[in-house]
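A structural walkthrough
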Amino acid sequence: MGKVLDFYEALYHYMVERRKQSGIDNRILIHFGSATCENAAGSDLVRREFEKLIRVSGRDDILLKPTGCTGRCAREPIVGVFFPGQIPIKYEQVDAQKVQTIFQQHILGGLPVASLILDKRTDRHYDYVVTLCSSERCRHQERNPTQEMLLTALQNNGVDSDSVRIFSGGCFGLCSRDQVGKQHVMMIFPEKVMYHFQTQQEADEIVKSHMVQKTVVDAYITHADFITEQFFSLYGDVSFFNKQTRLTLRNSGLTDPESMGDYIRNKGYEALAQVLDRGDSDFIISEISKSGLRGRGGGGYPTGQKWRNAVQDSDDPVRFVVCNADEGDPGAFMDRSALEGDPFIILEGMTIGAYAIGAHKGFIYVRAEYPLAIERLEKAIAKARENDVLGKNIMNSGFDFDIEIRLGAGAFVCGEETALMVSIEGKRGQPRIRPPWPTQSGLWGHPTVINNVETWANVPTILLYGADWFSRIGTKQSRGTKVFALAGKVVNTGLVEVPMGTTLRDIIYDIGGGLEEGRTLKAIQTGGPSGGCIPARLIDTPVEYETLAEIGSIMGSGGMIVLDDQDCMVATARYFLEFTQSESCGKCVPCREGTVRMLEIMERISSGQGAMEDLARLRRLGQLMRKTSLCGLGQTAPNPVLSAMENFQEEFITHIRDKKCPAHKCRQLVTYEVIPDKCTGCTLCARRCPVSCISGAKRQVHFIDQASCIKCGECFNACKFDAIAIN
Amino acid sequence: MTQVHIRIDDTDLAVSPQLTIMEAAEQLGIQIPRLCYHPDLSIEGACRVCIVEVEGYKNYLPSCATRVQEGMVIRTNSPEIRQARRDLVELIIDNHPRECQTCERDGNCELQNLAYAMGVRERLFEGRRKLYKVESSSPAVIRDAEKCILCRRCVRVCSEIQGIHNLSQLYRGFDTRVAPAHEAPMNESVCIACGQCINVCPVAAFLERPSTDAVWRSLSDPETLVIAQVAPAIRAAIGEGFNLPPGQIMTGQTVTALRRLGFDIVFDTNFGADLTVVEEAHEFARRLKENRDLPLLTSCSPGWIKFLEHFYPEFIPNASTCKSPMSILSTVSKTYYAQQRGIDPKKIFMVAIMPCVAKKFEAERGEHVSETGAPYTDVVLTTRELIWMIKAYGIDLTHLPEGEFDHPLGFSTGAADLFGKTGGVMEAVLRTAVEQLTGQTLTSIDFQQVRDVEGIREAQLEVAGRTLHVAVANGLNNAKLLLEKVKSGEAHYDLIELMACPGGCVGGGGQPYPPPGYHVLDKEILKKRAQALLDIDAGKPLRKAHENPYIIEIYKEFLGEPGSPVSHKLLHTTYHPREPRGIK
Amino acid sequence: MNKTDQSVTLDRDIIDLMEECRLREYPESYLITILHRVQARYGYLSEQHMDEVAQYMQIPTATISGVATFYHYFRLRPRGKYAISICLGTACFVKGADKILEAFKTELGIDMGETTQDGLFSLENSRCLGVCALAPVVTVNDRVYSNLSAKQVPDLLNKIRFEDQ
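In this text, all values refer to a predicted model and were calculated from it rather than measured experimentally. Along each chain, residues carry numbers from 1 onward, in the same order as the chain's sequence is written. Labels are handed out in written order, letters beginning with A for the chains and numbers beginning with 1 for the ligands. Side-chain atom pairs in this predicted model are given and counted only at pLDDT of 80 or more, local residue features only at pLDDT of at least 70, and totals for whole chains, interfaces and linings cover all residues. Side-chain metrics rest on all non-hydrogen atoms present in the structure, leaving aside hydrogens and water.

Further remarks concern the interface of chain B and chain A. Any two residues whose heavy atoms approach within 4.5 Å are treated as being in contact. Contacts between the two partners involve 35 residues from chain B and, on the opposite side, 31 residues from chain A. For the chain B and chain A pair, buried surface summed over both sides reaches about 2900 Å², with 53% attributable to carbon and sulfur atoms. Defined here as a combined quantity, buried area equals the accessible surface (1.4 Å probe) lost by two parts on assembly, summed across both. When the buried surface of chain B facing chain A is broken down by residue, B:Leu91, B:Phe125 and B:Arg172 rank first, second and third, together holding 22% of it. What counts as a salt bridge is simple: a side-chain nitrogen of Lys or Arg found within 4 Å of a carboxyl oxygen of Asp or Glu. Between A:Glu583 and B:Arg172 there is a salt bridge, with its nearest N and O atoms 2.6 Å apart. Of all elements in the fold, only α2 (79-94) and β7 (168-170) of chain B reach the threshold of two or more residues within the side of chain B that touches chain A. With eight residues, α2(B) is the largest single contributor of residues to the side of chain B that touches chain A. Residue classes follow a fixed rule: Ala, Val, Leu, Ile, Met, Phe, Trp, Tyr, Cys and Pro count as nonpolar, while Asp, Glu, Lys and Arg count as charged, and any other residue, Gly among them, counts as polar. Within the side of chain B that touches chain A, the residues separate by chemical class into 17 nonpolar, nine polar and nine charged. Put simply, DSSP marks the helices as runs of H or I at least four residues long and the strands as runs of E at least two long, and each gets a number from the N terminus on.

Here it is as structure tokens:
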């Protein structure tokens with residue numbers, strides 16, 4: 001064994017030993033989220049409450065552990081309670097009051113608090129929870145044969161199916177190519193045993209032995225490495241999670257993001273040790289190329305090719321790697337969550353990339369608006385240096401590489417790679433002309449590889465499990481998984497990681513829980529201000545780079561906003577245009593001037609001043625900006641408008657010709673009127689009206705003076721008798 | 001070098017891979033429309049006017065910034081490209097004041113010309129536009145951000161050529177504007193008033209502070225004796241304002257034009273230059289002898305002097321204390337000449353016609369005033385302003401008879417003409433200083449070593465048993481390079497000539513906008529103007545300043561001798577460090 | 001190094017940081033880092049401070065001015081003791097951030113980017129804070145208020161005023 005592997009082994013054992021000695025595995029573990037969103041939701045109060053209770057109880061077998069965020073935003077703060085050997089229990093929207101209950105009843109009393117359990121799918125206790133692998137590839141048509149077989153096996157063995165909770169999970173990523181569709185995989189809790197089987201008979205055997213005779217069947221245990229095991233073993237029973245395939249986010253919400261030990265015990269730095277031991281930088285690039293990994297920042301450029309370019313295009317010995325963590329799309333928070341939840345994976349990914357292209361210096365460019373992510377990164381870098389996995393002579397390999405954090409300062413355009421480099425150089429973040437590409441002439445003129453957070457996070461996993469394994473997840477042109485920030489009018493907002501090729505429907509309905517009752521889906525906005533609005537009729541589109549581009553949107557960095565019938569497409573398009581207009585750097589004419597002109601036209605349309613020719617003007621300007629803008633921001637700025645016009649032309653025409661906003665969102669096109677038959681003269685609306693434009697004596701029908709109404713909608717909201725009509 | 005094969009608009013050609021598409025197209029006689037591009041400045045690629053279609057690329061590429069590659073198929077003129085260019089130019093003018101007819105650059109505006117050429121005949125997208133006030137705090141350069149089209153040429157010239165970094169784009173997007181740090185007024189900035197921002201501006205976002213009104217007023221006042229003085233660089237450039245090719249010598253016609261405009265007396269700044277040479281040569285010889293404050297730095301470029309005060313105050317003792325030719329001529333006009341002719345100096349109104357914008361600042365310097373506090377130079381007009389006055393008067397300069405300068409301050413040697421070009425002061429001073437140091441008459445007086453128009457030149461001369469190290473720099477970035485070398489001890493010089501503007505005064509900030517076929521700061525124009533001055537020098541019987549009989553006379557009758565107390569009082573000046581301090 | 005005659009007002013540790021940065025490779029690339037430090041210390045970037053950074057780092061003042069005005073994060077004017085920042089990200093917009101903004105404007109009598117006369121409050125907007133699921137979101141200094149409604153605005157301000165006393 002080489003000296004690098006010796007080093008790694010020693011480090012790994014040290015970390016494992018340390019954990020053993022801490023006795024953590026024999027204790028009751030309470031996880032609480034420690035990320036920006038969790039804190040905002042009140043997880044800090046929760047932590048303090050638990051601390052107090054633990055102290056008061058005098059128990060030393062209860063451990064409070066911070067983790068990153070799991071991405072289940074709408075239910076935060078989330079608390080996980082893990083008794084050794086029992087099914088893990090997660091609680092949602094916990095506050096100080098609920099902490100009391102959970103502590104008394106569950107932690108001290110041993111009885112889970114059913115009413116507080118995450119997603120409340122259960123108010124009963126199950127003997128077993130089974131999570132099935134149900135990836136796109138293994139599933140036959142609509143029915144999941146694995147589930148059928150399991151149900152049959154339960155029946156055959158006389159096991160009450162009500163005592164077993166069955167979930168279809170995402171892709172476990174376990175099977176090999178020749179087993180596709182034949183191999184069935186499931187994980188049984190609370191023992192956390194992973195079985196594989198091929199025939200009904202085998203399924204019967206497993207159920208009989210495991211559930212009836214309470215004996216684990218060694219013959220069918222899957223010994224393969226299972227990357228998402230840890231995650232599934234804790235969260236596999238929650239539908240929001242078990243449809244996901246968490247590769248890049250596998251540690252988020254599980255490990256303590258500030259603990260290098262946690263990271264290393266979860267296979268952290270094994271990939272780096274292997275590639276350093278192998279000492280073949282070209283092998284790394286080949287593997288990344290073979291894996292089919294493409295840039296997750298939006299453009300989708302093949303990552304392996306990018307790395308190869310940096311090596312081939314120049315013989316400059318000074319090279320750089322950069323992590324683009326300037327997540328700026330409104331509605332996107334994938335990177336923040338990843339950095340806060342698992343900073344080490346980014347460092348490892350970058351170190352591998354640096355070794356591959358021969359860089360000795362890396363930069364992480366983070367938004368200054370992410371103080372916690374910055375703090376976590378700083379701590380992670382310090383710990384990595386301390387443990388010699390960063391800095392000089394990494395893992396005894398002789399390879400030197402260090403990382404510096406550079407802060408953004410509030411400029412969306414700095415997410416564009418050339419602007420980002422200019423900003424790292426300390427200047428106004430205005431993009432440079434490409435070519436030359438960054439891989440030819442990047443930071444200070446040296447070849448530079450820039451990848452975003454999610455791309456880097458994929459790198460260690462690919463090298464650990466192999467390009468073949470990775471390339472089996474997802475679709476032919478878009479391999480692996482993608483993280484989305486699901487927001488808008490969907491029940492379960494949050495972060496989801498799914499295999500490429502998952503349909504929008506699966507994401508929005510199966511994982512996102514669909515829309516609020518009574519609402520209908522109108523469109524899905526992906527790609528933020530650079531993307532487009534996908535109409536509801538295209539809901540079965542699989543999420544891939546090419547398919548999204550074909551329907552006028554883009555993958556983008558992963559923002560996904562669900563719009564319903566109460567959303568106006570003109571207003572939404574205008575909103576995104578306002579955003580890009582205010583974020584235009586001002587360098588090139590088409591973007592600086594074009595965004596303003598397009599916005600003026602959009603303002604006219606949404607205020608009833610539009611003319612039909614305005615549609616042609618929007619198209620002409622939009623095309624001009626697409627084809628002549630200097631950087632991606634300007635080239636894609638017209639997308640939200642153009643795609644909305646394309647898919648919702650009628651709505652635009654209604655605004656222009658009829659001067660109406662069907663969704664009642666465009667204020668200037670809305671009038672509020674009192675319905676005389678319903679008005680009781682309670683005066684509430686008149687009291688609420690901020691401009692006092694509602695008149696009427698008590699118990700008399702009221703009247704809204706249209707001339708002075710500012711259309712704020714307060715009267716509508718206030719009226720208890722539905723006596724205000726919006727027209 | 002290997003060539004690449006490309007096709008432009010159906011013509012195949014082989015060119016160097018170092019060329020941009022724009023440059024390659026020029027070989028075919030295709031002048032791709034352009035705006036922010038300037039050959040002497042870094043590539044900005046911001047206006048997008050020079051876009052072309054290249055097969056295989058989804059978007060149009062800026063031809064100024066894109067190098068040719070093997071097999072490229074380029075179209076410069078498809079209907080789509082033409083519409084895109086038209087629309088881009090419209091977007092620019094939509095955010096530009098609609099006041100062409102009352103604008104200083106009407107008829108001479110790159111944007112106006114471009115809008116016409118691109119066929120912008122109607123406004124399709126017009127809406128709100130940016131609104132800013134004119135900033136006119138500086139005596140030299142006024143800034144009109146409302147007219148600015150954000151091509152960043154001024155920012156680039158100010159930093160890349162001049163090394164001043166006074167201008168930057170501030171804010172962003174639609175709110176972007178160009179201004180000094182903290183959006184401070186120009187007179188509270190490190191602006192050195194060279195006016196190169198005016199030169200490179202395609203519109204009228206920067207202009208010299210206008211002075212013609214004051215001149216018209218004084219010309220119509222019978223009580224006032226209005227004297228004009230004409231700097232050497234004017235005569236080589238003024239013809240361009242009247243459609244003559246660059247480099248035409250128009251000395252006599254200019255004198256006639258000034259007389260017709262009503263100037264009572266027309267002097268030649270050259271006389272001041274001859275006097276400067278004599279004083280400066282004396283100063284140089286003395287410092288050499290005493291071996292102090294070397295290198296001696298020339299001081300006739302006011303932009304350079306302001307730069308020295310903001311950026312290199314530690315070199316102030318090295319600067320020649322001699323006033324510039326303009327200030328010397330103004331001073332002797334209001335002292336020696338007035339005395340001689342019995343004129344009340346208060347009645348004299350001195351108008352200096354200069355290729356220079358910084359001269360407007362120099363004229364207002366507190367050091368250049370008489371004992372009564374009145375400025376010696378009352379008004380400075382740039383070449384451009386004089387051209388306009390002549391045109392406003394309905395005079396066709398090209399058809400004028402040649403007039404003569406008035407005596408005695410209108411006679412000069414060839415040395416003085418050289419002041420208008422880079423290296424000229426050096427050569428003029430050497431012609432006198434070398435004779436002074438050696439005590440012998442120079443027979444060969446062409447110092448070829450300092451004659452190029454390169455930004456920096458160095459030379460060594462053997463004089464009186466010692467080696468003189470001299471250097472010449474034009475453009476202040478070059479000045480920085482030289483001074484840093486001196487500071488670090490990397491180089492030793494005895495005499496350095498420094499000129500703020502590229503090419504020296506011929507490339508001054510007040511010179512005519514370039515005629516069609518040339519660009520601003522075009523080296524070809526600068527060379528032709530410089531050559532004209534060399535030709536004048538070569539054609540003169542007297543070519544050493546100290547041989548000017550009127551100079552000999554003024555010393556005899558008035559000044560005494562070079563470096564005398566009278567000289568010191570009238571012909572020398574002082575400098576002081578200025579805030580804000582510049583960043584080297 | 002050239003220091004101007006004007007007395008230096010930046011704290012020693014910031015000067016130390018600059019001196020350290022000057023010794024590193026590409027010193028001018030640390031400009032944004034330094035401006036962050038200055039703003040974190042003094043609340044905003046004053047002209048005096050920017051001038052001092054220019055002299056210490058030997059970066060042209062106009063360049064610094066250009067950088068400071070380019071990035072929204074940098075403030076050129078002092079901020080109120082309580083900086084109210086309204087997220088105008090997509091999710092917040094959809095959930096009515098504009099109404100909340102109006103409410104703050106009305107209650108405080110100031111416009112976006114302004115500070116109340118007592119120096120207590122200033123009003124800003126922010127790009128998406130990334131807590132969209134809790135929209136609409138407002139931050140007051142570093143504290144995040146989520147799921148806010150326009151009606152709660154007066155109470156929120158009163159609470160802050162009360163706590164301040």
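This part takes up the environment of A:Phe703. Residues and elements named next belong to chain A. The topology assignment puts Phe-703 in strand β20 (residues 703-704). Judged by its relative accessible area of 51%, Phe-703 falls in the exposed class. The spatial distance from the C-alpha of Phe-703 to the C-alpha of Asn-251 is 59 Å, given a sequence separation of 452 residues. Excluding residues that lie within four positions of it along the chain, Phe-703 makes contacts with Val-674, Cys-693, Ile-694 and Ser-695. Burial classes: relative accessible area under 20% of the type maximum marks a residue as buried, over 50% as exposed, and values in between as partly exposed (1.4 Å probe, protein chains only).

Note on ring pairs: Phe, Tyr and Trp rings are taken, using the six-membered ring of Trp, and paired if centres are within 6.5 Å. Classes follow the plane angle, with under 30 degrees stacked, over 60 edge-to-face and the rest tilted. In this structure the tally under the stated criterion is 28 aromatic pairs over all chains. Centre to centre, the rings of A:Tyr575 and A:Phe576 are 5.2 Å apart; their planes meet at 70°, and the pair counts as edge-to-face. Of the residues examined, A:Tyr575 reaches a relative accessible area of 6% and is grouped as buried. Taking the ring centre of B:Tyr513 as reference, the NZ or CZ of B:Arg384 above it sits at 4.8 Å. Whether a charge sits over a ring depends on NZ of Lys or CZ of Arg being within 6 Å of the ring centre and within 35 degrees of the ring normal. The side chain of C:Arg24 reaches across the aromatic face of C:Tyr30, ending 4.7 Å from its centre.

This part covers the confidence of the model for chain B. Confidence of the predictor at the level of single residues is given by pLDDT, which spans 0 to 100. Put simply, chain B has an average pLDDT of 95, and 99% of its residues get 70 or more. Scored by ipTM, the complex comes to 0.94, with pTM at 0.89.

The next thing to look at is the sheet that holds strand β4 (residues 143-145) of chain C. Sheets are built from strands that pair by backbone hydrogen bonding, the pairs being arranged parallel or antiparallel. All names here are of chain C. Here, strands pair whenever DSSP counts at least two bridges between them. The strand order β2-β1-β3-β4 describes an open sheet built from four strands, whose pairing is mixed. Two strands lie at the open edges of the sheet, namely β2 (121-126) and β4, each paired on one side alone. The mean angle between the axes of side-by-side strands here comes to 25°, regardless of whether they run parallel or antiparallel. Where strand β3 (residues 138-140) meets β4, three bridges bridge the pair, whose relative direction is antiparallel. Each residue of the ladder has a partner; that of Val-140, found in β4, is Arg-143. Interaxial angle, 0 to 180 degrees, is taken between N-to-C directions of lines fitted to C-alpha atoms, where a helix line uses only the stretch in contact. Strands in contact with helix α6 (residues 97-108) are β1 (82-87), β2 and β3; relative to β1, the strand with the most contacts, it is inclined by about 155°. Contacts between helix α7 (residues 153-164) and the sheet are confined to β1, β2, β3 and β4, with β4 contributing the most and set at about 155° to the helix.

Let us now look at the pairing of strand β11 (residues 402-407) of chain A. Residue and element names in this part refer to chain A. Direction of pairing for strand β10 (residues 361-366) relative to β11: parallel, over a ladder of six bridges. Bridged to Gly-362 within β11 is Ile-403. With the strands aimed away from the viewer, a crossover counts as right-handed if its path from the first strand over the helix to the second runs clockwise. For the crossover that starts at β10, traverses helix α15 (residues 371-386) and ends in the parallel β11, the hand is right-handed.

All names here are of chain B. Between helix α9 (residues 269-290) and helix α18 (residues 549-559), whose axes approach to 10 Å, the crossing angle comes to 70°. Of the possible angle classes, the one that applies to α9 and α18 is roughly perpendicular. Viewed along their axes, α9 and α18 form a crossing whose handedness is right-handed. Contact with α9, carried on its side by Phe-271, Asp-274, Leu-275, Val-278 and Glu-279, involves Tyr-550, Ile-551, Ile-554, Tyr-555 and Leu-559 of α18 and no other residues of that element. Looking at the contact of α9 with α18 residue by residue, the class counts come to eight nonpolar, no polar and two charged. Roughly parallel covers angles under 35 degrees, roughly antiparallel covers those over 145, roughly perpendicular covers 65 to 115, and oblique covers all other angles. Working rule for handedness: look at the near helix, and if it is turned counterclockwise from the far one by less than a right angle, call the crossing left-handed; if clockwise, right-handed.

The next point concerns the interface of chain A and chain C. Taken together, the contacts link 57 residues of chain A with 34 residues of chain C. Where chain A abuts chain C, roughly 3500 Å² becomes buried across the two surfaces, and 59% of that area is made up of carbon and sulfur atoms. Broken down residue by residue, the surface that chain A buries against chain C is led by A:Ala409, A:Arg428 and A:Tyr575, which jointly contribute 17%. Joining chain A to chain C, the criterion identifies zero salt bridges. Residues adjacent in sequence count toward polar contacts only when both atoms are side-chain atoms; beyond that, a polar contact is any pair of N or O atoms within 3.5 Å, and within protein one must be able to donate a hydrogen and the other to accept it. Inspection of the chain A/chain C interface yields 11 residue pairs in polar contact (both at pLDDT 80 or more). Elements represented by at least two residues in the side of chain A that touches chain C include exactly α2 (36-41), β11, α16 (417-424), α21 (569-583) and α28 (714-718) of chain A.

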